[in-house]
Amino acid sequence: MLVTGRGLDRRGLLRLLAGRAAPWSRDQEAVGAPRFQRPLRPPGAVAEPRLRQFCDGCGACTEACPYGSIRIERGLPMLRLQTSPCYLCPDFPCIRACPRGALRPVAGPRAVRIGRARLDRHACLAWDGGDCRLCLARCPLSGEALVLEDFKPAVASERCVG
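Residues numbered from 1 in each chain as written. Predicted model: local features only at pLDDT ≥ 70, side-chain atom pairs only at ≥ 80, totals over all residues. Heavy atoms only, no water.

## Digging into the pairing of strand β2 (residues 76-79)
Within a regular strand, the side chains alternate between the two sheet faces. Counted only if it meets this: With a 1.4 Å probe rolled over the protein chains alone, any residue whose accessible area is under 20% of its type maximum counts as buried; one over 50% counts as exposed, and the rest are partly exposed. To qualify as a helix, a DSSP run of H or I must reach at least 4 residues; to qualify as a strand, a run of E must reach at least 2; elements of each kind are numbered from the N terminus. What makes two strands pair is DSSP finding at least two bridges between them.
Of the two faces of β2, the one holding Leu76 and Met78 and the one holding Pro77 and Leu79 are both buried throughout. Relative to β2, strand β1 (residues 70-73) is paired through four bridges, and the arrangement is antiparallel. Note on β2: the bridge partner recorded for Ile70 is Leu79.

## Observations regarding the environment of Arg104
What counts, and what does not: Throughout, a residue-residue contact means that at least one pair of heavy atoms, one from each residue, lies within 4.5 Å. Residues adjacent in sequence count toward polar contacts only when both atoms are side-chain atoms; beyond that, a polar contact is any pair of N or O atoms within 3.5 Å, and within protein one must be able to donate a hydrogen and the other to accept it.
Structurally, Arg104 can be placed in the loop between α4 (93-97) and α5 (134-138). Judged by relative accessible area, Arg104 falls into the partly exposed class, the value being 34%. Taking the C-alpha atoms as reference points, Arg104 and Gly44, 60 residues apart in sequence, are found 4.6 Å from one another. Those residues in contact with Arg104, other than ones at most four positions away along the chain, are Gly44, Val46, Arg50, Phe54 and Ile95. Within the structure, the side chain of Arg104 is placed 2.8 Å from the backbone oxygen of Gly101, a separation counted as a polar contact.

## Considering the side chain of Ser84
The residue Ser84 is located in the loop between β2 and α4 in this model. Polar side-chain contacts of Ser84 include one of 3.2 Å to the backbone oxygen of Tyr67. At 3.2 Å, the side chain of Ser84 and the side chain of Ser69 are in polar contact. What Ser84 contacts, discounting residues up to four positions off in sequence, is Tyr67, Gly68, Ser69 and Arg138.

Have a look at this one:
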């Protein structure tokens, strides 16, 4: 099997070149439906229907985020976890910076529910026999929410904040 620098096999590379696959996918199952059903909002975000009432898109939360995890898209704060995960800062500077109350205080990192992580075993090098632990290094709750089972990463969904 031919493997490129992006982890694609030859068929995946051909689909990528033909414009029918995302660069991170390794098979047709990973292409198609969006990965998230709803936008991922920063910690403490009010419920989606009320977010537009409180948030004016000022960007104070994006400036306060030390990791650049928050972006303003369509006038609202959004997390792009594929680019930079939310590291769940202990003092939540994004929440403190929000002048309009769109991001409300939370009891701590374990009280946050951004979403629910899923592991794509088809794209995971560790599940493909490789030796990769990048997800464990990037997960803010590694060892609790993301654990190793038989030397392969697994999501402990009851402890995952997304």
